[in-house]
Every structure is written in C-alpha cells, then in structure tokens.
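Architecture at a glance
If you want the building blocks of each chain, they are given just below.
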Amino acid sequence: MVVNKLNHMEYIDGMETIGSNIMDKVLFMVESYDYERFTHQDVKKALNKEHLSIEDYAAVLSPAAMPFLEEMAQKAKGETRKHFGNSVCLFTPLYIANYCENQCIYCGFNCTNKIRRGKLSVQEVEEELQAIAATGLKEILLLTGESRKKSGVEYIGEAVKLAAKYFSAIGIEIYPLNSDEYAYLHQCGADFVSVYQETYNIAKYGQVHVRGPKRIYPYRFNAQERALLGGMRGVAFGALLGLDDFRKDAFAAGLHAFFIQQKYPRAEISFSTPRLRPYIHNAENNPTDVHEKQLLQVILAYRLFMPYAGITISTRERAGFRDHVIGMAATKISAGVRVGVGGHKEEEKGDEQFEISDSRSVAEVHHMILSRGLQPVYTDYIWV
Amino acid sequence: MSDKLMIGGHSFQSRFILGSGKFSLEIVKAVVENGGAEMVTLALRRANLGGEGNILDYIPKGLTVLPNTSGARNAQEAVRIARLAREMECGNFVKVEVIQDSKYLLPDNSETIKATEILAKEGFIVMPYMYPDLNAARALADAGAAVVMPLAAPIGSNKGLCTKDFIQILVDEIDLPIIVDAGIGRPSQACEAMEMGVDAIMCNTAVATARDVALMAKAFKLAIEAGRASYLAGPGRVLDHKAEASSPLTGFLED
C-alpha cells in the first residue's frame, strides 16, 4: 500500500486560504454524531416537525429511521412539491478531458490507471456542444479530470465561453480553484460549481487520496466558499457514499451545505448522491453498505433537512430508481449521458470514469418525466 | 355595476392573477380558463424561445403576460431581466422580485424599491413583490410602482394570511391596488383577504399542488369574487359579548 507522508490537512503553495470556520464546525459536529443513540421516537418526532433541526436531521439519517422510509418519502414528496412544484430539470454532463494528477484509490480516472486519456480540442468541444444542444438541452455540466497541467483554467474558460453560445446554464465539475480563478470562469459564463468531498472522515480521506493536490483536505472542503467568493451563483455538495461510513458522511455533507447557505444566504445549494455499490453476492451484510434503501434514506434526509435545495440523481443509478425519486426528492436528472471524453458527436477520445446504469436519451427521459405527471424543464436560469 | 381592477391604465375584470411556475405546461390553459385569470406570470428564466417546454407557448393568447424577475439578487439584476423581457416582446408589465435568500425566498424591499424606481422611469408598469412594511410600500409608491404586492406568508407555504394586520395597514394607507402574492393556500384565505379590501390575489402553489388543479382554480375564482362582493357590500358588524358597564363612564357630563 502506498503511504504518503505529506500532511493532508495542511495547505501547499498556491492554494488560497480564506480563513473560514465552517470546516471546524462541521468536523466538530460529525465527530460527536453517534447515530446509534437515536430511537424510533426521535425519528417520529422529527417527521412531525415542519422544519427539521440539525438534531432531527441526525435522527432521520440514523438506522432507527430505516423502518420509516415510506413516511419520509411521503413527507419529502410534499416538500418537493411545495418548493419545486411539478418541475424536473434536465441536463447532461460533458467530459472534455480525463487527465488526472490524483491517485484516488476508488476512482477510474486514478492517475496510475492505464486508461485511454484524452482531451478535446477547442473545435471538438464546440462540435460536442452542438450535438448536445441539438437534443434540446439548455443546461450543461462541463467536467475534466483533475489535471491543472493538462486542462488548465484557460482551457476550461474557453470551453465555458463556447458552452455559453449554446446553453443557458453552465456548471463545472473540475479540480478546486482559488477564488480569482472561479471569478474568471464566472466571467466566462459558468455559474454553478460542483465539488464533492468524497469522504469527510479525515483519516480515511488521507488513506484513499494517496497522491496529487486532491490530497489536501481543507482546500477541497473550502472550494464551495471560494466559488461563491468568486461570484458563482450555486454550489453543489456530496459525499461518495460507501467510501466510508455513509451516515456520517451524509450528515457532514448536509451540515457543510447548511452552514454555507447560512453564511452566504443567496447561494443556491444542491446535492448529488454518488455511491460505491456494495459487492454483488456479498452475503455478509456490512452496515456501512449503501444499498438502494440506504441511498434513498440519504436522499430523503437531504430533502427533509434542506427542502429548498436541489438534488441531482446520478446516471449511476438504474432507470427504475431514478424515475421514482424525481418528484419525490430529486429535482434534476441527467439524460443522454456519456461519461467518456466527448462521445456525443465523435468517437470517445478517452475512457469512462465509471459505468452508467441509465443510458436513455433526452427524448426518452423527457417522456418518462411527462408520464409521471411531472414537467420536464430545460431552462430555469437566467444569466444576469 | 362596473368594478374593474385598474393597473397602470389597463383594466381587468378578473382579480385572480395566476403564477405559472409550478404547473405541468399542458394544464396551464385549463387552469387559466377555470380560474378566469386574465393575467399570468412568467418567469423569464423559464422562457425557452424556440426550444422544448417553452412556457410562453402554453399561455393562451389574449392574456396579459406578467414577466417576473425571478433569479435577480439585487436591483441591477432585476432591471436587466426586466429589459430582457421587454426585448422578448413580453409587454410593459413587470413583476419585480429581488431575492437574496435561497432558503426563505423573502423579498429584499430596499433593492426592490431601487429597481422599481429605475423601471418605472423606463415606462414599465411595475408590480413589486414585497414584505408588507408600510415604509417600504410608501417608498414603492413614490418610486412609481403601479401596485404593491405584499406577501401573506412565505412563498409556497400555503399558510394563509400570516401578515394579515400588516397587509390591512397597506390597504388602509396606500393609494395603489394591493395584490396579495405568496402564501395564500386556500380559497377561504383568498376570500378573507378580498374582504379586507385587498384588490387582487396572486397564487400558484395552492392551485398547482391541489389534487384536482382545474377545480381548485375555479374555487379560487369563486372565492375571490365572493370576497370582493362582500367587501363592496360592507360586512355587517360582528357582535362581541363584552359585558355592558353598569354605570356609564360619561354620566358625569352636564351640558
């Protein structure tokens, strides 16, 4: 096993520090989160409240809440309807590169993996954008692997500017930046930033992020705040559920988002819920495995705790799962997804980061949404 | 008897303004017809000209479109969105919404006043969404607002007239139409607001989340009409059961 002696809790040169106390607050509360102490009564009490406190959030994320999934789903559906009506937003991700400098032991883009690497030229980016725009989508998420050297901020900026020609809303899911770099990409036309902490457990984070800038935990943690300081409108949060204790990680991600919204009230908050699937045929039930039930519990807990936050449902989940969580808790769904580099117009130039479980086209997802009595929304954003 | 709602020199028979953001697009027409609405809001951020699911394509012709500045976080952004709406030929009406809080979605009165002033000077018929504060309402009137739109309760909450006393103050003091916007959850609450002397009701969630959306639209129409008629009729006094004082306090007066 590779061990890196570099202290992953200390910033390295070039990484901006912003003097925020949110990380300490979150870590302190997660440290004392003992989910085993919650009872059915605690869960019932939480579900009877109009607004869930942090303590209530802790209860609905606990194992004691598992028998109450139906009640949670009913309440979540009401909240979702109240805040988002019938709307379900559509978008697609576009991987413009998959070079990566990080060695994260769980990831397909891991820099030590011998996969096909690639990066779209500016012209190829435009062709891909055109092909996606032709499906009717108006919102796009641009992704790179995490390589500042191969996919610099300038390159990403060019891609964002092109995207602004064809799309109304542009998000980026790239390596964390300093606030001035976020400001630059904001000027180029991006307004939403997704950064996932993967796990909030400091020790585990150090073990699984062996090498590369991603190893620096606090720099990643504070990325959303730097993005907001750089002028971005919205930020997305998430833990890679199953990498460590998913209940603690989901609790931390919720608190992280909660405190950011409290400090930056105008920020639009959203969650993603990627998970590592349990091994198939794993007869030994591990309490930290994230099966569909546990995944749904997390999604519902996010909705109940922060009813105004967006929730995006990943193509890593099967169609039958995705179709049921939209309208109930999720507010955004991807469609026509390719997770290799490019692949919408031309052949993919690089391999995929992970396998998708739902390969339906935009038109297919559109019709599915309508068939569920919901409204597909292509644009819910205006650049100002 | 002619009892029309006048907004910026335009007259409306209906006092029910429909929000459109939370419906399935196919039912917008049925809701408008059942509710008898003549004015429908449009979030510009939802307009997808020439594209899929463009809300503008679903608003029946002949209705007054009321574009809103949803998405604006300050006066400047609201002004920009209003100008875009005008470029898209959405007319001169604009509902100014400035929201700096993603959690409660409460309007920012001071930025709303600034935006109202700029837009009114540019010839817009400005309908500002506001927190019911008398000072702010006076400032909005001075800034050239065509109406004042106080909230009854947090948007989407369906909680009804939480701010009733403050809305009553606006009704009594502000010489502009008062349109209650946000928080009305039941036709009975809409009726109560109209009885207070409010000039019109705007709602969205209450209709959109009903089991039978079209029927709920009709219920609102009837409730708003009933409330208006009651206001015009002048409700009778409500008896209270306080004990009469046995010896009058004014009995000492001699001439």
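Attention here is on the structure that accompanies the text. Everything numeric in this text was worked out from a predicted model, so none of it was measured.

With that settled, the discussion passes to the overall build of chain B. If you tally the helices and strands in chain B, you get 8 helices and 10 strands. Taken over C-alpha atoms, the radius of gyration comes to 20 Å for chain B, in line with the 18 Å a tight globule of 255 residues would show. Counting only C-alpha atoms, chain B reaches 80 × 40 × 40 Å along its principal axes. Here chain B holds 255 residues, and the buried ones make up 55% of them. Long-range pairs, those at least 24 residues apart, make up 64% of the contacts in chain B with a sequence separation of at least 6. If you sum the accessible surface of chain B, you get close to 11800 Å²; carbon and sulfur atoms cover 51% of it.

Now for helix H2 (residues 75–87) of chain B. Residue and element names in this part refer to chain B. For H2, spanning 13 residues, the distance from its first C-alpha to its last is 19 Å, which sits close to the expected 18 Å at 1.5 Å a residue. For H2, every residue scored as buried is listed here: Ala75, Glu77, Ala78, Val79, Ile81, Ala82 and Ala85. On its buried face, H2 is in contact with strand S5 (64–68), strand S6 (93–96) and helix H3 (109–121). One side-chain oxygen at the N-terminal end of H2 lies 3.3 Å from the backbone nitrogen of Gln76; it belongs to Asn74.

One frequent convention defines the size of an interface as the accessible area lost when the parts assemble. Listed by partner, the interface residues are 30 residues for chain B and 30 residues for chain A. Roughly 2700 Å² is buried in total at the junction of chain B and chain A, and carbon and sulfur atoms are behind 46% of that figure. In terms of surface lost to chain A, no three residues of chain B exceed Arg45, Arg73 and Lys103 of chain B, which account for 26% of the buried area on that side. Where chain B touches chain A, the interface holds 3 salt bridges. Residue Arg45 of chain B is joined to Asp380 of chain A by a salt bridge in which the shortest nitrogen-to-oxygen separation is 2.9 Å. Linking chain B with chain A are 12 residue pairs in polar contact (both at pLDDT 80 or more), by the criterion used here.

Attention now moves to the pairing of strand S10 (residues 200–203) of chain B. All names here are of chain B. Because side chains alternate across S10, one face comprises the buried residues Ala200 and Met202, and the other comprises Ile201 and Cys203, equally buried. As defined by bridge partners, strand S3 (residues 16–18) adjoins S10 across 3 bridges and the pair is classed as parallel. Within S10, the residue paired with Phe16 across the bridge is Ile201. Direction of pairing for strand S9 (residues 179–181) relative to S10: parallel, over a ladder of 3 bridges. Note that in S10 the partner of Asp181 across the bridge is Met202. Since S9 and S10 lie parallel, the crossover through helix H6 (residues 187–195) that links them has a hand, and here it is right-handed.

A separate point is the environment of Met194 of chain B. All names here are of chain B. Locating Met194 in the fold gives a position in helix H6. For the pair formed by Met194 and Ile178, sequence separation is 16 residues and the distance between their alpha carbons is 10.0 Å. Once you skip the residues sitting within four places of it in the chain, Met194 turns out to touch Arg15, Asp199, Ala200, Ile201, Ile224, Gly227, Arg228 and Tyr231.

It is worth spelling out empty space enclosed by the protein at this point. Per the counting criterion, the structure on display carries 3 cavities of 30 Å³ or more. Of the pockets and cavities examined, the largest cavity occupies roughly 50 Å³. As for the largest cavity, its lining consists of Gln375, Pro376, Val377, Tyr378 and Thr379 of chain A together with Leu25, Arg46, Glu52, Gly53 and Ile55 of chain B.

Before going further, it helps to spend a moment on the environment of Pro128 of chain B. Residue and element names in this part refer to chain B. Inspection of the secondary structure assignment puts Pro128 in strand S7 (residues 125–130). With 78 residues separating them along the chain, Pro128 and Ala206 place their C-alpha atoms 21 Å apart. Beyond its immediate sequence surroundings of up to four residues, Pro128 is in contact with Val96, Thr112, Thr116, Leu140, Ala145, Val147, Val148 and Met149.

This part takes up the side chain of Asp108 of chain B. Turning to its location among the elements, Asp108 of chain B is positioned in the loop between S6 and H3. Arg266 of chain A provides the closest opposite charge to the buried, salt-bridge-free Asp108 of chain B, at an N-O distance of 7.1 Å. Of the polar contacts made by the side chain of Asp108 of chain B, one reaches the side chain of Gln100 of chain B; its length is 2.8 Å. At 3.0 Å, the side chain of Asp108 of chain B and the backbone nitrogen of Glu111 of chain B are in polar contact. With near-sequence residues (within four places) excluded, Asp108 of chain B lies in contact with Val98 and Gln100 of chain B.

Turning to unusual backbone geometry, a few remarks are in order. Note: most residues except glycine have negative phi, and most peptide bonds are trans. The phi torsion at Glu198 of chain A lies on the positive side, around 70°, for a residue other than glycine. Looking at the element boundaries, Glu198 of chain A is found in the loop between strand S5 (192–194) and helix H8 (202–208). In this structure, Leu105 of chain B takes a positive phi of about 55° despite not being glycine. A relative accessible area of 31% means that Leu105 of chain B is categorised as partly exposed.

All names here are of chain A. Judged by how many residues are buried, strand S4 (residues 169–173) sits mostly within the fold: 4 of 5 residues are covered. Sheet analysis places strand S3 (residues 139–143) next to S4, joined by 5 bridges and oriented parallel. Its bridge partner lying in S4, Ile140 is registered against Ile170. For the segment spanning S3, helix H6 (residues 153–166) and S4, crossover handedness is right-handed. Inspection of the sheet shows S4 paired to S5 by 2 bridges, in the parallel sense. Looking at the pairing, Gly171 lines up with Phe192 of S5. For the crossover that starts at S4, traverses helix H7 (residues 179–188) and ends in the parallel S5, the hand is right-handed.

This next bit is on the packing of helix H11 (residues 246–263) of chain A against helix H12 (residues 292–305) of chain A. All names here are of chain A. Close contact between H11 and H12 brings their axes to 11 Å; oriented N to C, the two are set at 20°. Comparing the axis directions of H11 and H12 gives the class roughly parallel. Judged by the twist between their axes, the crossing of H11 over H12 is right-handed. Along the contact surface, H11 presents Phe246, Arg247, Ala250, Ala253, Gly254, Leu255 and Phe258, while H12 presents Gln294, Gln297, Val298, Tyr302 and Phe305.

Residues and elements named next belong to chain B. Tallied over the entire structure, the rule returns 33 salt bridges over all chains. Residues Asp3 and Arg15 are paired through a salt bridge, measuring 3.0 Å at the closest nitrogen-oxygen approach. Here Asp3 is found in the segment before strand S1 (5–7), whereas its partner Arg15 is found in the loop between strand S2 (10–12) and S3, with 12 residues between them in sequence. Asp3 sits in the buried class, given a relative accessible area of 18%.

Our focus in this paragraph is the packing of aromatic side chains. Residue and element names in this part refer to chain A. The full count for this structure, using the stated rule, is 16 aromatic pairs over all chains. Look at Tyr57 and Phe305: their rings are 4.2 Å apart centre to centre, the planes differ by 10°, and that puts the pair in the stacked class. Here Phe305 lies in helix H12 and Tyr57 lies in helix H3 (residues 54–60), a separation of 248 residues in the sequence. Put simply, the rings of Tyr33, Tyr35, Phe38, Tyr57, Phe251, Phe258, Phe259 and Phe305 pair up and form one aromatic cluster. Above the ring of Tyr99, the side-chain terminus of Lys150 is found at 4.9 Å from the ring centroid.

What counts and how
- Residues numbered from 1 in each chain as written.
- Chains lettered and ligands numbered in written order.
- Predicted model: local features only at pLDDT ≥ 70, side-chain atom pairs only at ≥ 80, totals over all residues.
- Heavy atoms only, no water.
- Helix = DSSP H or I, 4+ residues; strand = E, 2+ residues; numbered from the N terminus.
- Rg over C-alpha atoms; globule rule 2.2 N^0.38 Å.
- Buried < 20%, exposed > 50% of the residue type's maximum accessible area, 1.4 Å probe, protein only.
- Contact = heavy atoms within 4.5 Å.
- Areas by Shrake-Rupley, 256 points an atom, 1.4 Å probe, with all protein chains shown as cover.
- Expected span 1.5 Å × (residues − 1).
- Polar contact = N/O pair within 3.5 Å; in protein donor to acceptor, adjacent residues only side chain to side chain.
- Buried area = accessible area lost by both parts, 1.4 Å probe.
- Salt bridge = Lys/Arg side-chain N within 4 Å of Asp/Glu carboxyl O.
- Pairing = 2+ DSSP bridges.
- Right-handed = clockwise from strand over helix to strand, strands pointing away.
- 1 Å grid on protein atoms, 1.4 Å probe; cavity = no way out; pocket = protein on both sides within 12 Å on 5 of 7 lines; lining within 4 Å.
- Points joined across faces, edges and corners; volume = space filled by probe spheres on them.
- Lys, Arg positive; Asp, Glu negative; His and termini not counted.
- Axes fitted to C-alpha atoms, helices over the stretch in contact; angles between N-to-C directions.
- Parallel < 35°, antiparallel > 145°, perpendicular 65-115°, else oblique.
- Left-handed = near helix turned anticlockwise from the far one by under 90°.
- Phe/Tyr/Trp six-rings, centres within 6.5 Å; stacked < 30°, edge-to-face > 60°.
- Lys NZ or Arg CZ within 6 Å of the ring centre and 35° of its normal.

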